[in-house]
Amino acid sequence: MTTHLAAVIPAKGQPFEVQTRLTPKPGPDEILIAVKSVALNPADYHMRNHGLFIPKYPTVIGFNISGLVLEIGAKVPTRSCTADGVSDDQPSFQPGVTRVAAYAASFWKSCGPDYGAFQERCLIPWQHAIPIFDEKISWNEAATLPVAVEVALNAWDMMGIPRAGKTAPSAAVSPASTSGATQKQNGKKNEALLIWGASSSVGTMGVQSAQLLRKDPNSPFGAVYATAGLSNKSYIVSLGADRIFDYKDPQVVDTIVSAAEKDGFVIRHCFLATGPLAPCQAVLKAFLGRDRERVKARTAKIASAPMVPSDAEVLDGLETIFLMPSAVEEERLEHFCHVSTWLRENLAKRTIRPSPEPRVVGKGLEAINSGLDMLFRGVSCEKLVVEVGE
């Protein structure tokens, strides 16, 4: 039997131990990946230290992977995935050839160890894998992409913001509709889209995807606002933010509201990538009940990557949504197919780039423990990566 090395959690709260595991065979809709690099996420720390999401031990966890396709199941397409199915534009999954970035599926497999990222071989549903055709994108850069892109695109979907190039489902209904993004009034872009915590991994991709929404002539968004530390201002601007606000400023909420008023925008949609919920609520609260065109106010929405606190303030007209891919398999797989298509197309057009810059914290699975400890102490505008394979 073929074997490989894995960083195994033996019990709740215990550090990873590098152990030998049997290498599984892919099922009909699965890919076996030779893992080259893994990127670390805050959820990895909480899973290791507190047992978040883990029903049974021992197991293997982790989400962000880059690697080479080794084997494919009988139903895995060999043409590129689109949101509507399979297209004929170029090969997608070829064993021994295709480089991929992938979002490991262990969460949806009851944390089954074959599906965790932190090992040399990992099973992935093909819909969770994104072919990386640009050879200039390194394994380390590719590993930063899956979670960041998925969370950002999920934020826009969950807030009802139409995908770039698509028409809002509510476009034909009354201006008083409370679903989705505010329609443009008299053809004008009248909203600023706010990303709170833009220096985080998901925040940087939030900015990049938001600037594509801003460029969409059908969207109501005329500007991308972002909060970040001032030391990261120039980098976040380079990703597409129009205004940067210092999240450490005690008056940051008033500053954002005043800037929007000066620019002629309202703010009804916020992507909370990292940080506290309360200031996001305060910004959107300032615009509740207002509308520059004097139509009935719409529901404001916050899409939150961090879990929503149980004691969070509840405000009429303001909805906070915790971001998590759908538990309904069909919906989840469609979403990941959209993520794959969106990322593939925008990397090819160079309208986005991997962000933030990867920082290699070690080589080999043994480095994951110290990497997660470093992540917990805090990082800014960099993504911690462990190199697993050559």
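Residues numbered from 1 in each chain as written. Predicted model: local features only at pLDDT ≥ 70, side-chain atom pairs only at ≥ 80, totals over all residues. Heavy atoms only, no water.

Enquirer: So what's going on with the sheet that holds strand 15 (residues 318-322)? Which residues, and what values?
Expert: A sheet is described by the order of its strands in space; here 6 strands give the open sequence 12-11-10-13-14-15, paired in parallel fashion. For this open sheet the edge positions go to strand 12 (243-246) and strand 15, each flanked by a neighbour on one side alone. Recorded for the sheet is a direction-independent mean angle of 20 degrees between the axes of neighbouring strands. Bridge analysis of strand 10 (residues 191-196) against strand 13 (residues 266-272) gives 5 bridges, and the strand direction is parallel. Residue pairing in the sheet places I195 in a bridge with F271 of strand 13. Against the sheet, helix 4 (residues 201-215) touches strand 10, strand 11 (221-228) and strand 13, its axis set at about 165 degrees to strand 11. Sitting on the sheet, helix 6 (residues 252-263) touches strand 10, strand 11, strand 12 and strand 13, and the angle it makes with strand 12 is about 160 degrees. (Pairing = 2+ DSSP bridges. Helix = DSSP H or I, 4+ residues; strand = E, 2+ residues; numbered from the N terminus. Axes fitted to C-alpha atoms, helices over the stretch in contact; angles between N-to-C directions. Contact = heavy atoms within 4.5 Å.)

Enquirer: Let's hear about the packing of helix 3 (residues 145-158) against helix 4: which residues, and what values?
Expert: Contact geometry for helix 3 and helix 4: axes closest at 8 Å, N-to-C directions at 50 degrees. Considering the angle they form, helix 3 stands oblique to helix 4. For the element pair helix 3 and helix 4, the recorded crossing hand is right-handed. Contacts between helix 3 and helix 4 involve L145, V147, A148, V149, V151, A152, L153 and W156 from the former and S201, V202, M205, G206, S209, A210 and L213 from the latter. The residue inventory of the contact of helix 3 with helix 4, partitioned by class, reads 12 nonpolar, 3 polar and no charged. (Parallel < 35°, antiparallel > 145°, perpendicular 65-115°, else oblique. Left-handed = near helix turned anticlockwise from the far one by under 90°. Nonpolar A, V, L, I, M, F, W, Y, C, P; charged D, E, K, R; others polar.)

Enquirer: Quick rundown of the nonpolar core? Include the residues and the values.
Expert: Nonpolar side chains in soluble globular proteins tend to be buried together. Ranked by size, the top nonpolar core spans 89 residues in total, and within it I65, F118, W156, I236, F271 and I368 carry the most contacts. When residues of this core are assigned to their parent elements, the largest contribution, 9 residues, is made by helix 3. The contacts of I65, once residues within four sequence positions are left out, are I33, V35, S37, V100, A101, A102, A104, A117, C122, I124, A143 and P146. By size, the runner-up hydrophobic cluster in this structure holds 26 residues, among which are Y225, I256, A259 and L277. (Core = buried A, V, L, I, M, F, W, Y, C linked by side-chain atoms within 4.5 Å. Buried < 20%, exposed > 50% of the residue type's maximum accessible area, 1.4 Å probe, protein only.)

Enquirer: Lay out empty space enclosed by the protein in plain terms, naming residues and giving numbers.
Expert: In this structure the tally under the stated criterion is 2 cavities of 30 Å³ or more. Here the largest cavity is characterised by a volume of approximately 90 Å³. Around the largest cavity, the lining residues are L153, W156, D157, R163, A164, S209, L212, L213, H338 and W342. Of all elements in the fold, only helix 3, helix 4 and helix 8 (329-349) reach the threshold of two or more residues within the lining of the largest cavity. Per-class residue counts for the lining of the largest cavity are 6 nonpolar, 2 polar and 2 charged. (1 Å grid on protein atoms, 1.4 Å probe; cavity = no way out; pocket = protein on both sides within 12 Å on 5 of 7 lines; lining within 4 Å. Points joined across faces, edges and corners; volume = space filled by probe spheres on them.)

Enquirer: Outline the confidence of the model for the chain, listing residues and values.
Expert: With 89% of its residues at a pLDDT of at least 70, the chain reaches an overall mean of 90. Ignoring residues within four places in sequence, the model shows residues 168-180, a span with pLDDT below 50, making 20 contacts including any to other chains. Counting contacts from residues 292-296, a segment whose pLDDT is below 50, to residues more than four positions away or on other chains yields 7 contacts. (pLDDT = per-residue confidence, 0-100.)

Enquirer: Outline the packing of aromatic side chains, listing residues and values.
Expert: As enumerated under the stated definition, the model contains 10 aromatic pairs in all. Here the aromatic rings of Y45 and F376 are separated by 4.2 Å at their centres, their planes lie at 10 degrees, and the arrangement is stacked. Remark: F376 occurs in helix 9 (residues 368-377) and Y45 occurs in helix 1 (residues 42-50); sequence separation between them is 331 residues. By the ring-pair criterion, three or more aromatic residues cluster together here, those being F53, F63, Y103, F107, W108 and F336. Cation over ring: R99 sits above W139, and NZ or CZ is 4.5 Å from the ring centre. (Phe/Tyr/Trp six-rings, centres within 6.5 Å; stacked < 30°, edge-to-face > 60°. Lys NZ or Arg CZ within 6 Å of the ring centre and 35° of its normal.)

Enquirer: Account for helix 6, with residues named and values stated.
Expert: Look at helix 6: 16 Å from first C-alpha to last across 12 residues, which is about the 16 Å you get at 1.5 Å a residue. Along helix 6, the residues classified as buried are V252, V253, I256, V257, A259 and A260. With its buried residues spanning 160 degrees around the axis, helix 6 presents them on a single face. At its buried positions, helix 6 is contacted by strand 10, strand 11, strand 12, strand 13 and helix 7 (278-285). A positive phi of about 85 degrees marks G264, the residue just after helix 6. (Expected span 1.5 Å × (residues − 1). Arc of directions from axis to C-beta.)

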